[in-house]
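Coordinate analysis (summary)
For reference, the chains in residue letters:
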Amino acid sequence: MSTLMNDWIDISPLDAIPQRGARLLRTIHGCVAVFRTAKDEVFALDNACPHKNGPLAEGIVHGSAVTCPLHNWVISLETGEVQGADEGQVATYPARVEDGRIWVEASRLRRRAVA
Amino acid sequence: MRQKLVVIGAGMASGRVLEHLLEQNPEAYDITIFNAEARGNYNRIMLSPVLSGDKTYAEIVTHDDDWYATNNITCRFGEHVVKIDRDAKQVVGQNGTVDYDKLLIATGSAPFIIPVQGKDLQGVITYRDLDDTNAMIEAAGKGGKAVVIGGGLLGLEAAAGLAERGMEVTVLHLMGHLMERQLDESAGFLLRRDLEQKGVTVMCGASTAAILGETHVEGVMLEDNTGLEADLVVMAVGIRPETRLANDAALDVNRGIEVNAQMQTSDPDVLAVGECVEFNGALFGLVAPLYDQAKVVAQTLLDQPAVFVSKELSTKLKVTGCDLFSAGDFAEGEGREDIVFRDPGRGVYRRLVLEDDCLIGAVMYGDTTDSNWFFGLIRDKTEVAEMRETLIFGPSFQGGSAADPLLAVAALPRDAEICGCNGICKGQIEDAIAAGAHDLGAVRAVTKASGSCGTCTGLVEQVLAVTLGDDFVLPTSQPVCGCTDMTHEDLRRMIKSQELKSMPAVWQACGWKTSCGCHVCRPALNYYLLADWPVEYHDDPQSRFVNERKHANIQKDGTFSVVPRMWGGITTPDELRAIADAADKFAVPTVKVTGGQRIDLLGVKGEDLPAIWDDLNKAGMVSGHAYSKGLRTVKTCVGTDHCRFGTQDSTGLGIKLEKALWGSWTPHKLKLGVSGCPRNCAEATCKDIGIVCVDSGFQISIGGAAGMDVRETELLCQVETEAEVMEVVMAMTQLFRENAKYLDRIYKWMAKVGLDWIKEQIDDLDNRTALAERFELSQSIYRKDPWAEHVKKADSYQTLGDLTLEAAE
C-alpha cells in the first residue's frame, strides 16, 4: 500500500471549485466529490451519502463537513464519518493543495476494487 | 402566657403574614383565622389559569388543612365576621365570639358593582374569588354568549378564560383602549388584536346603560342604544377596599383602612394588611407591596421595629398569554421624547419615554425579557444619553458586546430584583442554587421566586443558566439552529439595526458558535441579507440549497427537472416546438404539464443543464424559477380576451405581474393567481396573493394555501386600476420579504402579524410607495435570467476530470 500512496495526480487549479463547494471526479468506482472549504482545505470523498446515495457534492459545506442535500445527513469531510445521531461511513481519499492546484492520491481510484 | 391573634380574611397578604410570624416565633401567638370563603389561603393570581382550565384549584392552594393543623391555627372558614368589639377586644363571628390581644384585618377588596338597572339579575357575577370562578366555569359549560364589563386585567382574564371555554365573549370597556392605566395606546391595540385573534370581541368607549332580563340576564344595553345578547355578564370594572367591618368599628377609614408605617390602624392593637389598607393616600393592588406589608405586620406583631416603604412600581403581567410590562410615567408631555421599537413579526412593541436624558417610563408588549433592566434605569435615574442609540434593544446590545441573551442577566447586581411578587433578588436565587437548588422547581420551592404570578420564570431560568453554566439547559424560544441562540426574529432585527451586511459580520456580531454556520442557518442568513441589503450584499450560491444553486430541482436519482417560464401561462407554437426539440435532444424521459400552467422536463442530467438552458434561451425562454423560494407562477384565466364572463384582462395583468416580480427572492415560494371574474377559474383565492377581477376593479387578497394546509385568501384591499394592482402587489411582496421568517409562506406570517397590521402598512399610501420602490430597487439586481448567467460558466457543471479514461489506457 505504501508504495501505491505515491500516485498523486494534479487534478485542477484550486479555483475550479468555489469556496464551500465541490466538484466531481469520475472514477471506475463511481463519482468522487472533491470539496473545498472556506479555509481552502480540500477533501475527496465518494459522492454518495450512506443513507440514500444522495449526491454529497451538491450539499452545503460548513466548517469541515457537508450536509447531504437529500435528507440533511451531515458528513465529516475529514473522516467521512456521519455526524450526530445518524451512523455511517463514506470512503475518503487523500487530497491536498500545492501551489494553488488540487492533488488527489489516486492509487485506490484507478485500481479495481481490492476486496 | 401566649397572646391571642385573630386574623380576619385568608388572602395572599394574611397568608404571608402568618408565614413570617411562624417562621420567626411560632410560640408568640394563639392564632384564629376567619374567612368568609369556605377555604383557606390560595394564590388568587392563579384564578385565571383555573378559569381557563390550565390549573386546578388544588394546584393553587398555598396553605392546606395540614398546614393550619401543624401550626395549631384555629380555622373559622366559611364564617362571616359580624362585628369587631374593640372595647371588649372581641371579634364576633356568626358562630361565636373570640377574644383577641392583637387583631389583623385582611379583608381585601370587594368588586365594584356599577349601579345600573339589572345588576342583581341571575347570571350577573363578579370575578374575585374561587366561587366566582366556579360560577363562570359552570356558565361556560352551557355555552352561549358572555359580556364582560371592564377591560382591565381582571376583565380580560375573565374574557380570555370564557372564550377558551367556548363562550362567545364581548368585552365592554369604558375608556379608549384596554388597560389604560398600565398600557399606552399602541400596546393596548396589540393586546386588543391578540384578544380578537382568540375570538374575543372588544368594544372600547362602551358605556353600559342597563342589564336586561326578567329573572336571569338576557342582554346588555349600551348608552348609545346598542343591544348585546348575553347569557352571562361578568362585572370587572374595578375593586374597592373592603372596609365595612373597620368602619363599623369606628377605625379611621378613608378610601381604605388607614394605617401607619407599622401597619397599625388608628387602634394600635388592630393592624391591617393588603388591599383593604390605605397608606399615605395610596391603595395597593399588586402583590409585591402586599408582601412587603406582610413582612412589616409580622415584625410589628413581634414588637420588632419595622417600616413599610412604598416603592416605585412596575407592572409585569401576563394577560391571556401575552407578556406586557409597564413602569414609570409613560404619558406624553413637553420635553419628553419617545423611542419606539416595533417588530410586527413577533408582535413586539417597546416604547421608552425619556426626559432630561433619563428614562422615566417604559411600556413593553410581547417581549418583556429586558424589563428588569429598564426598570432599574428608571428607578436609579441613570443617565442614558450615551447608550441612547441602542437603548431600545436592551442591555445585551450596550457596549457593542455579543448579543448573548444571558449577558444581561449575568450583568445584573446581586440586589437586582428578579421576582417582583415575592421581592426575591438575584443574590438570593444564586445562594439557593449554590445550596443545591439546580432547577426551576427547586429554586421556586426554596425562594418562592416565580411562584406567584410566574412572569419572571424566564429570568429565574436565566439566572440558573448563568450560575450553573452548561449544567443547566435553558428552554429558550426556538433558535435558528445550533450555531446560535438567536431566533429568526432576533436575527432579522440585528441585521437591520446593526446594519450587518455580510455573513461574517452577522457571525461576529451575533456570536455564532461555528466558523461558518451550517445548512440550516446559512440559507436563512443569505436570504435575510439579500432582502435587507440588495445592493450591498451579494448572493452566495454556496449558502443555497442545491435547487437554488443549480437553478433546477434535484430529483431522487440525482437528475434535475427544467421548467421554462411561460408568462401568465401563455405560450406559442414556436416555444412548444423548442421545448419538444430540447426534450428530444437531451433524451428527457418525462414531460409533464404542471399545476402552474407550464411544462416540466424531468430527468435531465446535471452536466446537460447549461446546454438545455442555452437551447431554451435561444428560443426566447428563461428560467421559471420552479425551484426557488421566490416568485413561481402567476396563474391566469383567459379574461376578457375570450371569455364571455370576463370583466378585465386577467391574462394581460397576470403577464405584467409576472414580468414585474420574476427573479425576486422571498422567504418561501410565492404563487399568484389572477381570475377574470368571481367564477375564479385561475383559483386565485388559494394563492399567496390572489387577484379577482370584478366590474368595478380588482380585489386583492392574500394568505391562501393549497398544500399541506389549505386556506382561502383574505381580502387585503380593492383597487380600481391595473397600476394600483401592480403597486399593491409589489408593496405586499416587499413587506413579506422584509418581515417574514425564512420558510414562512404568507399565510403563516400573516397568522403572526395579523391581517390588520398588513392592511395598515399597505393602506398607508406613502408607505406603500416606499415599499414598492424598495422592491423595484432589489429587482433592478435580481430581475434577470439565472440560466443565461449559468450558461456562461457551463464548465463548472462538468466533472473535474475522468480517471476512468486514464485507467483504461
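Further up the page is the structure itself.
Counting restarts for each chain: residues are numbered from 1 in the order of the written sequence. Throughout, the order in which chains and ligands are written sets their labels, letters from A for the former and numbers from 1 for the latter. With the structure being a predicted model, the display of local features is reserved for residues of pLDDT at least 70 and the display and counting of side-chain atom pairs for 80 or more, all residues being used for whole-chain, interface and lining totals. Based on all heavy atoms of the structure, the side-chain values leave hydrogens and waters out of the count.

1. As for the overall build of chain A
Each helix and strand counted, chain A has 1 helix and 10 strands in total. Counting from the amino terminus, chain A carries its helices and strands in the arrangement β-β-β-β-β-β-β-β-β-β-α. Scored against the burial criterion, the 115 residues of chain A give a buried share of 44%. Within chain A, counting contacts between residues at least 6 apart in sequence, those at least 24 apart form 43% of the total. Computed with the Shrake-Rupley method and a 1.4 Å probe, the accessible areas treat only the protein chains shown as cover for residues. Accessible area of chain A: about 5,400 Å², with a carbon and sulfur share of 46%. Under the DSSP-based scheme used, a helix requires at least four consecutive residues in state H or I and a strand at least two consecutive residues in state E, with every element numbered from the N terminus. Relative accessible area decides the class of each residue, using a 1.4 Å probe on protein chains only: under 20% of the type maximum gives buried, over 50% gives exposed, and in between gives partly exposed. Any two residues whose heavy atoms approach within 4.5 Å at even a single point are treated as in contact.

2. Comments concerning the overall build of chain B
Broken down by element type, chain B carries 27 helices and 40 strands. Burial status across chain B gives 56% buried among its 809 residues. In chain B, of all internal contacts separated by at least 6 residues, the share reaching a separation of at least 24 is 61%.

3. Considerations on the interface of chain A and chain B
In this assembly, 32 residues from chain A lie in contact with 31 residues from chain B. Salt bridge, as used here, is a side-chain nitrogen of Lys or Arg placed within 4 Å of a carboxyl oxygen of Asp or Glu. Here chain A and chain B share 4 salt bridges between them. Between Lys550 of chain B and Glu58 of chain A there is a salt bridge; the shortest N-O distance is 3.0 Å. In the analysis that follows, any N or O atom pair within 3.5 Å is treated as a polar contact, provided that within protein one partner can donate a hydrogen and the other can accept it, and provided that, for residues neighboring in sequence, both atoms belong to side chains. Summed over the shared surface of chain A and chain B, the number is 11 residue pairs in polar contact (both at pLDDT 80 or more). Looking at the side of chain A that touches chain B, the elements with two or more residues in it are strand 1 (8–13), strand 2 (21–27), strand 5 (60–62) and helix 1 (107–110) of chain A. A per-element tally of the side of chain A that touches chain B places strand 2 of chain A first, with 6 residues. Gly is put with the polar residues, along with every residue not named as nonpolar or charged; the nonpolar set is Ala, Val, Leu, Ile, Met, Phe, Trp, Tyr, Cys and Pro, and the charged set is Asp, Glu, Lys and Arg. Across the side of chain A that touches chain B, the residue classes break down as 18 nonpolar, 9 polar and 5 charged. The pairing of strand 2 of chain A with strand 40 (residues 801–802) of chain B spans 2 bridges and is parallel. Looking across to strand 40 of chain B, one finds that Leu25 of chain A is bridged to Gly801 of chain B. Between any two strands, at least two bridges found by DSSP are needed for them to pair.

4. Describing helix 12 (residues 426–434) of chain B
Within helix 12 of chain B, the full set of buried residues consists of Lys426, Gly427, Ile429, Glu430, Ala432 and Ile433 of chain B. Gly436 of chain B sits one or two residues past helix 12 of chain B and shows a positive phi near 115°.

5. Some words on the packing of aromatic side chains
Aromatic ring pairs are defined here through the distance separating the ring centres and the angle between the ring planes. Residue and element names in this part refer to chain B. Whether two aromatic rings pair depends on their centres lying within 6.5 Å, for rings of Phe, Tyr and Trp, where Trp uses its six-membered ring; planes under 30 degrees apart make the pair stacked, over 60 edge-to-face, and the rest tilted. Enumeration according to the criterion identifies 14 aromatic pairs over all chains in this entry. Between Trp67 and Tyr68 the ring centres are 5.3 Å apart and the planes differ by 80°, which places this aromatic pair in the edge-to-face class. Here Trp67 falls in the partly exposed class, since its relative accessible area comes to 22%. Relative accessible area serves as the criterion here: at 1%, Tyr68 is assigned to the buried category. Put simply, the rings of Trp67, Tyr68 and Phe77 touch in pairs and so form one group of aromatic residues. Two thresholds decide whether a charge sits over a ring: the Lys NZ or Arg CZ must be within 6 Å of the ring centre and within 35 degrees of the ring normal. We note Lys659 situated over the ring of Trp567; from NZ or CZ to the ring centre the distance is 4.8 Å.

6. Quick word on the sheet that holds strand 1 (residues 3–8) of chain B
Residue and element names in this part refer to chain B. Spatial strand order, 3-2-1-7-19: 5 strands in an open sheet with parallel pairing. The strands lining the two open edges of the sheet, one partner per strand, are strand 3 (74–77) and strand 19 (270–272). Between one strand axis and the next, the sheet turns by 15° as a mean value, whatever way the strands run. Here 4 bridges tie strand 2 (residues 29–35) to strand 3, and the two strands are oriented parallel to one another. The residue bridging Phe34 from the neighbouring strand is Arg76, located in strand 3. Inter-axis angles, ranging from 0 to 180 degrees, are taken between N-to-C directions of lines fitted to C-alpha atoms, where helices are fitted over the stretch in contact. Here helix 1 (residues 12–24) sits on the sheet in contact with strand 1, strand 2 and strand 7 (102–105), set at roughly 170° to strand 2. Against the sheet, helix 9 (residues 287–301) contacts strand 1, strand 2, strand 7 and strand 19, and its axis sits at roughly 165° relative to strand 19.

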